[in-house]
Amino acid sequence: MRKQVLYLLFIFLSTSLFGQRVMEGLDRGVIAVRHKPDSVFISWRLLGTEPTNLPFNIYRTTGSGKAVKLNSQPMTAGTNFIDTKADLSQITTYTIKAIVNGKETGDSKPFILPANAPVQQFLSIPLQTPAGYRPHDASAADLDGDGQYELVLHQVGKGLDNSFNGLTDKPVLQAYKLDGTLLWTINLGRNIREGEHYTQFIAIDMDGDGKAEVAMKTADGTIDGKGKVIGDSTKDYRSKEARTLGKVLDGPEFFTIFNGETGAAMATTAYIPSRYPTDGWGGPGGNGGTDNSGNRVDRFLACAAYLDGKLPSVVMCRGYYGRTVLAAWDYRNGKLTSRWVFDTKDGKNPFSGQGNHNLTVADVDDDGKDEIVYGAMVVDDNGKGLFSTGFRHGDALHVSDLDPTKPGLEVFGPHEIEDHSKGDSGYVKDAGPGVAVYNARTGEVYFKGAIDTDVGRGVAENIDADNPGAEMWWSGSDGLHNMKGEKIGPSPSSSGFVIWWDGDLTREILSGSKVEKYRTGTIFNAQEGAGARFRNPNLMADLLGDWREEIIFANSPNELRLYTTTIPTSHRLYTLMHDPQYRLSIAWQNVAYNQPPHLSFYLGEDMKKAPRPDIVLTKPTKASKK
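Parameters at a glance
Residues numbered from 1 in each chain as written. Predicted model: local features only at pLDDT ≥ 70, side-chain atom pairs only at ≥ 80, totals over all residues. Heavy atoms only, no water. Helix = DSSP H or I, 4+ residues; strand = E, 2+ residues; numbered from the N terminus. Rg over C-alpha atoms; globule rule 2.2 N^0.38 Å. Areas by Shrake-Rupley, 256 points an atom, 1.4 Å probe, with all protein chains shown as cover. Pairing = 2+ DSSP bridges. Axes fitted to C-alpha atoms, helices over the stretch in contact; angles between N-to-C directions. Salt bridge = Lys/Arg side-chain N within 4 Å of Asp/Glu carboxyl O. Buried < 20%, exposed > 50% of the residue type's maximum accessible area, 1.4 Å probe, protein only. UniProt positions renumbered as here; feature names shortened; annotations may be inferred. Polar contact = N/O pair within 3.5 Å; in protein donor to acceptor, adjacent residues only side chain to side chain.

For the chain, the name recorded in an unreviewed UniProt entry is Rhamnogalacturonan lyase, with Paradesertivirga mongoliensis as its organism.

Caption draft 1: Local environment of the overall build of the chain. Per the secondary structure count, the chain includes 2 helices and 44 strands. Taken over the C-alpha trace, the chain has a radius of gyration of 24 Å; the compact-globule value for 626 residues is 25 Å, and the two agree within 12%. Once the C-alpha set of the chain is aligned to its principal axes, its extents read approximately 70 × 70 × 60 Å. Here the chain has roughly 24100 Å² of accessible surface; of this, 51% comes from carbon and sulfur atoms.

Caption draft 2: Here's a closer look at the sheet that holds strand β40 (residues 521–525). Taking strand neighbours across the sheet as the criterion, the 4 strands line up as β37-β38-β39-β40 in an open arrangement whose pairing is antiparallel. Each of the sheet's edge strands pairs with one partner strand only, and the pair in question is β37 (497–499) and β40. Within this sheet the neighbouring strands show an average axis-to-axis angle of 35°, counted without direction. Strand direction decides the pairing type here: strand β39 (residues 514–517) and β40, joined by 4 bridges, are antiparallel. Looking at the pairing, Val515 lines up with Phe524 of β40.

Caption draft 3: Representation of the pattern of salt bridges in the model. Under the criterion given, the structure shown has 34 salt bridges. One salt bridge in this structure joins Arg28 and Glu50, with 2.6 Å as the shortest N-O distance. A residue pair is termed long-range when its members are at least 10 positions apart, and Arg28 in the loop between β1 (21–23) and β2 (31–36) and Glu50 in the loop between β3 (39–43) and β4 (56–62) qualify at 22 residues. Classification of Arg28 as buried rests on a relative accessible area of 12%. Here Glu549 ties to Arg507 by a salt bridge, and the two come within 2.9 Å at their closest N and O atoms. Taken as a pair, Glu549 in the loop between β41 (539–541) and β42 (550–556) and Arg507 in the loop between β37 and β38 (508–511) lie far apart in primary sequence, 42 residues in all. Arg507 matches Glu549 in its accessibility class, with the two residues each being buried. Connected through shared salt-bridge partners, Lys217, Glu253, Arg275, Asp298 and Arg318 make up one network.

Caption draft 4: Quick peek at unusual backbone geometry. Here the residue pair Ile272 and Pro273 is connected by a cis peptide bond, since its omega of 0° sits within 30 degrees of zero. Structurally, the position occupied by Pro273 is in the loop between β20 (265–270) and β21 (300–305). In this structure, Pro277 follows Tyr276 across a cis peptide bond, with omega equal to -5°. Along the chain, Pro277 falls in the loop between β20 and β21. A positive phi angle, close to 70°, is found at Arg392, a residue other than glycine. Mapped onto the fold, Arg392 is located in the loop between β28 (385–388) and β29 (398–400). For Ala450, which is not a glycine, the phi torsion comes out positive at approximately 50°. Of note, Ala450 is situated in the loop between β32 (445–449) and β33 (458–461). What makes Ala450 partly exposed here is its relative accessible area of 24%.

Caption draft 5: Expanded view of the UniProt feature "domain: Rhamnogalacturonan I lyase beta-sheet" (unreviewed entry) in the chain. Sequence positions flagged by UniProt for "domain: Rhamnogalacturonan I lyase beta-sheet" (unreviewed entry) are, in local numbering, residues 22–109. Here residues 22–109 is 0% helix and 47% strand, with 23 Å between the C-alpha atoms at its ends.

Caption draft 6: Geometry of the side chain of Lys217. With respect to the helices and strands, the residue Lys217 is situated in strand β16 (residues 213–219). Within polar-contact distance, the side chain of Lys217 engages the side chain of Glu253 at 3.2 Å.

Caption draft 7: Broad picture of the pairing of β16. By the criterion of burial, β16 is predominantly enclosed, with 7 of the 7 residues buried. With 4 bridges connecting them, strand β15 (residues 201–204) and β16 associate as antiparallel partners. Bridge pairing links Phe201 to Met216 in β16. Here 7 bridges tie β16 to strand β19 (residues 253–259), and the two strands are oriented antiparallel to one another. If you follow Val214 over to β19, its bridge partner there is Phe258.

Caption draft 8: Here's a closer look at the environment of Leu188. Relative to the helices and strands, Leu188 resides in the loop between β14 (182–187) and β15. Here Leu188 falls in the buried class, since its relative accessible area comes to 0%. For the pair Leu188 and Ile567, spaced 379 residues apart in the sequence, the C-alpha separation amounts to 41 Å.

Caption draft 9: Up close: the sheet that holds β3. One open sheet accounts for 3 strands, arranged β2-β3-β6; its pairing is antiparallel. Strand pairing shows two members of the sheet lacking a second neighbour, β2 and β6 (80–83), which therefore form its edges. Averaged over all pairs of adjacent strands, the angle between strand axes in this sheet comes to 20°, irrespective of strand direction. Two strands pair when backbone bridges link them, and β2 and β3 are joined in this way by 4 bridges, in the antiparallel orientation.

See the structure below:
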């Protein structure tokens, strides 16, 4: 009997462990900024595997002196602190220690403020930007396994949308540590075109060794981070014809996994699917037609997803106006293999033409494995179509537990009216909803609005504490609406990004350089003291400190600025990066039309306790070459 019990316990533990997602083993992510002349704001991470009431002590070291504990009692509320007694004329170091079973354990990596540190609310990250280029979209991943995030930055020169002809510059990607140390540069070469819809890259730890890989489409002439050429560097497949000038409509296409620490190409294979036939990418949506000019055929998206419930796969996607193909790849034990391919083929089925200029990843059926929400359709973890609403293409997409009174996750998004001509009023008869909310698991439609209206942008998130659940608004909505579609207030100032910034559990609005509180106005403006006009962020994510989010803006071609909140909060949450859906949102945030990340659970003053993520963490190691 005892042997049977032990055997059953072994099976249970083995099954549970197998079902756990492997995620980055992060350090405390301590950040300290001298936000006022006489005070320093310090914050740090709680990990997703730790007790929510884990106590902490915080220590300050001045110059070469002894460490001084700053808190009189162990800290069990918010993981942040304001130090008003530091001698900031000297080098000042802050360290965090967790208290486990009454004993301090494990010093955090110290955060060091230089003597006479400037009063500013950001970290400056110097860049080595190629001449004529500028910093564009970025992603974050632990590339060297030290428990800290590095940045993968897309540097762009001249780029063009698919609908335009002309030559572009070669796409360039670089990896940086947050102190500005350049790890590598990858030049994708002349046979990869530059533009929002072409170059999609994913940075994620695919094999679970604690060091992220970087995956992207490559071609003849791509140069990896070690200077090695992929394919044939002499080939130039750019079209010379007037109607397709500069577009790449011939030649081999590759998919490559790069070493995140060194930039070395580790595995390369043929890209799935091929572009041929180049006029075979039409179907419903996208103005109902097709083309042979390199427009629809070269619409790319990408994401990472835990398709087996344990390690991330990378999914490379082609097409969304008509024919759509998603190809899932695994990188395990140094080998790259195809997991599955989803293909709508001739564009004459319910899954054709349902894609967006973006996508998201979520476990919609709560089985521990991820699905891909591809605009108006969902693809299951096994590569089979789950369902489609038939509402077609849109420019924005938001997936979370938007309505806690309903089971599971909801999807909100605007839809363009594509295959009809607008009248003078801007309306199109019998074209469908301009915005919709549907059940992410079943496709049941909860709300349809802006009927027969082309809607470009829209957001759904909890920004109003007076209303239970999330709210939604969109371009032309003339107001803020609850998830039933009822108008409950005036429209926010922007329908782009949202951010957790202040001390409560509702989210704020990121409008250009400004963080705005709904019904209150601007509470922070990154533009003050900046050398450039900030519009869209290069990246927005919970990169450092407590659970609130940071914003990265390019201040010049040679500097990124990482802005962090300095508003105290007593709310305690584990780092958002240990919620798998949020972490995967950061992986796809740079793809095509950027969108804000969302959690797998509802966050608000009226929330239930945040669910504990079912994850196992890799162990941070000293940075070393793979």
